[in-house]
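Breakdown of the fold
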Amino acid sequence: MRGVKTLWLAVATALSLASPLAAQEHGAPAEASAAGAVPGQTPARPSDGVAAEAIGQIRSPYCPGLMLEVCPSPQAELLRDSIRMMAAEGRKSKEIVEAVIAAHGEQWRAVPKRSGAGAWAWLMPPAVLLLGLGLVATRLRSMRAARAALVPGAGISDDERAALDAALRDYERQEAAP
Amino acid sequence: MLKMWNVLLVMGTFLLSIFATFLTRSGLIESVHSFAQNLTIAWIFLSFLGFLVLVTAALVWWRRDAFASENKLESFLSREAAFLLNNLLFVAAMFAIFWGTMFPLISEGFFGQKINVGPPFYNRVNIPIGLLLLALLGVGPIIAWRKATPRNLKRNFVAPLGVGLATAAVLFATGVRHPYALLTFALGAFTMTTIVVELWKGTRARASIEGERLPVAFVHLVQRNRRRYGGYIVHAGLVICFAGFAGKAFNVEKQAALQPGQRLEVRSPFGHTYGLTYQAMSWYPATNMVKIIASVEVEKDGRRVGMMTTEKRAYKQREEVVTEVGIRRAWNEDLYLILAGIDDADAVVQGRNPRPVATFRVLVNPLVPWIWLGGLIMAVGTLIALWPAAETGRPAVPTPRQRAGEPAREREREPVMVEA
């Protein structure tokens, strides 16, 4: 009964955290006003997402150190418009990025390629993490071996472990009893 | 335990902050924060950094015996291993940022081509690491010390895992498909469940033992072990921050060119409809700049809620134009208004055209305010954890000398919570 109450409390807490976003998901089209629909207003289209994805992968040639999506320069706005036009023509984000990089230069690419020299950018961080995990695993094994070698017979036998587990189960049963 | 880790991480943080100063002051890295290239400053900072590395390494070597751990790692399924994995993940995230920052220089040196790295790289590499940290936030506090038994794992993790999976299932069923958002909310629900269950168990036990009402028992529980329960509150704040980060998956953006009097509508992920009506453009000179301000009336779900302004600032000396964003905050989302462009801004300043066509970009950023809320909760939890014990004036974390000098019965004890 106690476990059920705990579970209920936990579920209620978690769902209250998750419920706000049950309303609508990213990608739902924004609507133009029926009363004030005007020329120049473009409702959100799938190509807008493609354009945004492409813009997000390019550094601005007009603002040193800034991404194209946040550069306030008028030339940057023109470049963003041209990217939106390419997306509206049906081009994919990867094609658009390559077209812009070909026109302006490789130095404006914000996401390294996954081939050639750029692959090293992607490989090193997970390699370092795996190396760290490997070192910890190796150290753990050596600590266990050192402990067993230091005190011969220090490890408990399977029978002793089974007896210990049974004793722990009895203890927990007593703890859980009202 | 992990004393050497702590010391090395503290030193690493300090050395990296000096290194970052070196990078910006020398101008080696192209950045909005960097100065012009200056090799003299670069050599001075590099020498200082080298000196610091030698001194810190010498200090660590000299005191290495003091950092030896009394406890040993016995199993990967243990709280000690969770702490260690936590440290490894933070170091991996730190390395990813360091590697991305230095990669243009490294690629130019080794491969002869300068390969730049922008925000998408850091997001793609660090988001999975962040999600692992979020999961550990829930595992670490409740997994057993030394070695977790199957019984311990089952007792402590079945309910939180169930809640996490249920959360993911509910969100998926309601149309959420972004994988990272799903994972974040599921892991957040898992971690929050572990926190809530721990708080509940402690409060209930104290209420039962001391005969107190639940709210009073909760306050006394926190007072008796501020470090532990303050830590839980910090973790809860961090979970809320992560939920705020995940809101980016649901951002809505719309752009339109408007004449004064025309209206733009945007629908937020929470189902609200914002109507923005462009009212007027004005300008005035300020110190070192000319400001051009667009005023927009805002409606939310058909009801007028106020005005927003967004500006273009033209700095005279730098010949630079900067955009100031208008922001409207609610508890669950931010509305951003950006003046993306003005049709003939000169005509506005010269008074020839006070009603120009203006291009507005509107963004709805859901759950961003939760990042601030989570930070506030973390600050409160930190204060609680650091607050000194009221009874004897001792700090919440007694020093080793204090712990050694106390008889066992005088040490703070919590209501019994046996961990298998």
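Description of the structure in this document. Given the structure is predicted, the values throughout are model-derived calculations rather than measurements.

**Some words on the overall build of chain B**
Counting its regular elements, chain B contains 11 helices and nine strands. Each principal axis of the C-alpha atoms in chain B carries an extent, and together these give about 85 × 60 × 45 Å. When each of the 420 residues of chain B is scored for burial, the buried share is 45%. Counting only contacts in chain B whose residues sit at least 6 apart along the sequence, the fraction spanning at least 24 positions is 60%.

**Some points on the nonpolar core**
Residue and element names in this part refer to chain B. One finds Leu134, Phe185, Met192, Tyr229 and Phe250 to be the most contacted residues of the largest nonpolar core, which totals 29 residues. Of all the secondary structure elements, the ones that give two or more residues to this core are α4 (119-139), α6 (179-210), α7 (214-224) and α8 (226-246). Formed by 23 residues, the second largest nonpolar core is a distinct cluster that contains Val266, Val298, Leu339 and Ile342.

**Thoughts on the sheet that holds strand β6 (residues 320-324) of chain B**
Residue and element names in this part refer to chain B. A sheet is described by the order of its strands in space; here five strands give the open sequence β2-β3-β4-β5-β6, paired in antiparallel fashion. At either margin of the open sheet sits one strand with a lone partner, and together these are β2 (263-267) and β6. Averaged over neighbouring strand pairs, the angle between their axes works out to 25 degrees when direction is ignored. Summarising the sheet, strand β3 (residues 273-286) and strand β4 (residues 289-300) pair through 12 bridges and their orientation is antiparallel. Note on β4: the bridge partner recorded for glycine 275 is glutamate 299.

**Remarks on the pairing of strand β8 (residues 333-342) of chain B**
Look at any regular strand and the pattern is simple: side chains alternate between the two faces of the sheet. All names here are of chain B. Across the 10 residues that make up β8, a large majority, nine, are buried. Pairing geometry for strand β7 (residues 326-329) and β8, over four bridges, is antiparallel. If you follow arginine 328 over to β8, its bridge partner there is leucine 335. Between the antiparallel neighbours β7 and β8 lie three residues.

**Topic: the packing of helix α3 (residues 79-111) of chain B against α4 of chain B**
Residue and element names in this part refer to chain B. For the pair α3 and α4, the least separation of the axes is 10 Å and the interaxial angle reads 170 degrees. By the angle between their axes, α3 is roughly antiparallel relative to α4. Between α3 and α4, the residues in contact are Ala82, Leu85, Asn86, Leu89, Phe90, Ala92, Ala93, Ala96, Ile97, Gly100 and Thr101 and Phe121, Tyr122, Val125, Asn126, Ile129, Leu132, Leu133 and Leu136, respectively. Partitioning the contact of α3 with α4 into residue classes produces 15 nonpolar, four polar and no charged.

**Things to note about a positive patch on the surface**
On the surface, Arg141, Arg144 and Arg161 of chain A together with Lys147 of chain B cluster together to form a positively charged patch. Mapped onto the secondary structure, lysine 147 of chain B falls in the loop between α4 and α5 (150-173). Classification of lysine 147 of chain B by relative accessible area gives partly exposed; the value is 48%.

**Digging into α4 of chain B**
A rise of 1.5 Å per residue sets the reference length of α4 of chain B, with its 21 residues, at 30 Å; its end C-alpha atoms lie 30 Å apart and thus fit the reference within 8%. Taking the largest bend as the criterion, α4 of chain B deviates by roughly 35 degrees, centred on asparagine 126 of chain B, and proline proline 128 of chain B comes between one and four positions later.

**Examining α5 of chain B**
All names here are of chain B. Taking 1.5 Å per residue as the helical rise, α5 with its 24 residues ought to reach 34 Å, and the 32 Å between its terminal C-alpha atoms agrees with that figure. Those residues of α5 that sit buried are Asn152, Asn156, Phe157, Ala159, Pro160, Val163, Gly164, Thr167 and Leu171. Residue glycine 175 follows α5 closely and has a positive phi angle near 110 degrees.

**Side note on the sheet that holds strand β9 (residues 358-366) of chain B**
Residue and element names in this part refer to chain B. The strand order β1-β9-β8-β7 describes an open sheet built from four strands, whose pairing is antiparallel. Two strands in the sheet have a free side with no partner beyond their single neighbour: β1 (252-258) and β7. The sheet shows a mean angle of 15 degrees between the axes of neighbouring strands, taken without regard to direction. Summarising the sheet, β1 and β9 pair through seven bridges and their orientation is antiparallel. Residue alanine 257 lies in a different strand from β9, and its bridge partner there is threonine 359.

Reading guide: rules and limits
- Residues numbered from 1 in each chain as written.
- Chains lettered and ligands numbered in written order.
- Predicted model: local features only at pLDDT ≥ 70, side-chain atom pairs only at ≥ 80, totals over all residues.
- Heavy atoms only, no water.
- Helix = DSSP H or I, 4+ residues; strand = E, 2+ residues; numbered from the N terminus.
- Buried < 20%, exposed > 50% of the residue type's maximum accessible area, 1.4 Å probe, protein only.
- Contact = heavy atoms within 4.5 Å.
- Core = buried A, V, L, I, M, F, W, Y, C linked by side-chain atoms within 4.5 Å.
- Pairing = 2+ DSSP bridges.
- Axes fitted to C-alpha atoms, helices over the stretch in contact; angles between N-to-C directions.
- Parallel < 35°, antiparallel > 145°, perpendicular 65-115°, else oblique.
- Nonpolar A, V, L, I, M, F, W, Y, C, P; charged D, E, K, R; others polar.
- Patch = residues over 30% accessible without salt bridge, like charges linked within 9 Å, V, L, I, M, F, W, Y side chains within 5 Å.
- Areas by Shrake-Rupley, 256 points an atom, 1.4 Å probe, with all protein chains shown as cover.
- Salt bridge = Lys/Arg side-chain N within 4 Å of Asp/Glu carboxyl O.
- Lys, Arg positive; Asp, Glu negative; His and termini not counted.
- Charge placed at Lys NZ, Arg CZ, Asp CG, Glu CD.
- Expected span 1.5 Å × (residues − 1).
- Bend = angle between axes of the 7 residues up to and from the residue.

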